[in-house]
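Breakdown of the fold
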Amino acid sequence: MDIALYVVIGLVVIVGIYLWSTYNGLVTLNVRVDEAWSDITVQLKRRADLIPNLVETVKGYATHESTVFDNVTKARAATVSPQVLAHPAAAAKAEGEFAGAMKSLFAVAEAYPQLQANQNFLHLQSEISDTEDKIMAARRFYNGGVREFNTKTKTFPNNIFARNLGFAAREFFEVADAAAIQDAPQVKF
């Protein structure tokens, strides 16, 4: 009888340790995904802060392009709105619209050679290109974290416990129109 009691206690301890480590692992991965999403929002905010300066610089040369400027301003606001930043799918849609607006802005800039020689414009363009690279890296990091978290929550026997512990699969950051954001906006000289 003593052996049976020790076996039962041993099994309870093993199951308890397994649940404890599974829960802690899921919490760690969940926090890592939250951190990665935060990195994306920081880079989106950085880009959004650069855009008004870029628009103002271009406005100085192309005053009659108000529709383009309005579209860029609206798209910029959409990429950093709280409703968009709360969901990867909404952020992806806003990113596609922003990329289209930026292409229009840079198309206007191409029509003004003196603007392309402006040091402020060149610096802003360089900063935006750098920020786009950082956003891409942040997206990859986020999607890697989501992949790791989703894999852990969907593999057996973790899938049984993950659901009961309140862990649900996370959304990947997938852009609806991948071609629209494949490359950072560029001005051709």
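Every chain is numbered on its own, with residues counted from 1 as its sequence reads. Selection of residues for local features in this predicted model requires a pLDDT of at least 70, selection of side-chain atom pairs for listing and counting requires 80 or more, and totals for whole chains, interfaces and linings are taken over all residues. To obtain the side-chain values, all non-hydrogen atoms of the structure were included, while hydrogens and water were left out.

Turning next to the nonpolar core. Core analysis: the biggest nonpolar cluster contains 22 residues, and Ile51, Leu54, Val58, Val72, Met102, Leu105 and Phe121 have the highest contact counts within it. Secondary structure elements are defined from DSSP: runs of H or I of at least 4 residues count as helices, runs of E of at least 2 residues count as strands, and each element is numbered from the N terminus. Those elements giving two or more residues to this core turn out to be helix H1 (2–59), helix H2 (66–79), helix H4 (88–110) and helix H6 (119–154). If you tally residues by element for this core, the top one is H4, at 7 residues. Here, nonpolar core refers to any group of buried Ala, Val, Leu, Ile, Met, Phe, Trp, Tyr and Cys residues whose side-chain atoms link them within 4.5 Å. The buried label applies to any residue whose accessible area, calculated with a 1.4 Å probe on protein chains only, is under 20% of its type's maximum; exposed applies above 50%, and partly exposed to all values in between. Core analysis: the second largest hydrophobic core is formed by 20 residues, Leu44, Ala94, Phe167 and Phe173 among them.

Attention shifts here to the packing of aromatic side chains. Working definition: a ring pair exists when centres of Phe, Tyr or Trp rings (six-membered ring for Trp) sit within 6.5 Å. Plane angles under 30 degrees give stacked, over 60 give edge-to-face, the rest tilted. Throughout the structure, instances matching the rule amount to 6 aromatic pairs. Look at tryptophan 37 and phenylalanine 173: their rings are 5.8 Å apart centre to centre, the planes differ by 40°, and that puts the pair in the tilted class. Of this pair, tryptophan 37 sits in helix H1 while phenylalanine 173 is found in the loop between helix H7 (158–164) and helix H8 (178–181), placing the two residues 136 residues apart along the sequence. Assessed through its relative accessible area of 4%, phenylalanine 173 is described here as buried. Cluster of aromatic residues (ring-pair linked, three or more members): Tyr23, Phe149 and Phe167.

All right, on to the confidence of the model for the protein chain then. By definition, pLDDT measures how confident the predictor is in each residue, and it falls between 0 and 100. Averaged over all residues, the pLDDT of the protein chain is 86; the fraction at 70 or higher stands at 92%. Across the protein chain, element-level confidence peaks in H1 with a mean pLDDT of 92 and bottoms out in H8 with 55.

Take the packing of H1 against H2 next. Helix packing for two helices is described by the angle between their axes and how far apart those axes are. Where H1 contacts H2, the axes come no closer than 10 Å and their chain directions differ by 170°. Classed by the angle they form, the pair H1 and H2 counts as roughly antiparallel. In this structure, H1 uses Leu44, Arg47, Ala48, Asp49, Ile51, Pro52, Val55, Val58 and Lys59 to contact H2, whose residues at the interface are Phe69, Val72, Arg76 and Thr79. Counted by class, the contact of H1 with H2 contains 8 nonpolar, 1 polar and 4 charged residues. Under this scheme, a helix contributes an axis fitted over its contacting stretch, all axes are lines through C-alpha atoms, and angles between N-to-C directions fall in the 0 to 180 degree range. Here the word oblique covers every angle except those under 35 degrees (roughly parallel), over 145 (roughly antiparallel) and from 65 to 115 (roughly perpendicular). Residue contacts follow a heavy-atom distance rule, with two residues in contact if any of their heavy atoms lie within 4.5 Å. Just so you know the grouping, Ala, Val, Leu, Ile, Met, Phe, Trp, Tyr, Cys and Pro go in nonpolar, Asp, Glu, Lys and Arg go in charged, and all remaining residues, Gly too, go in polar.

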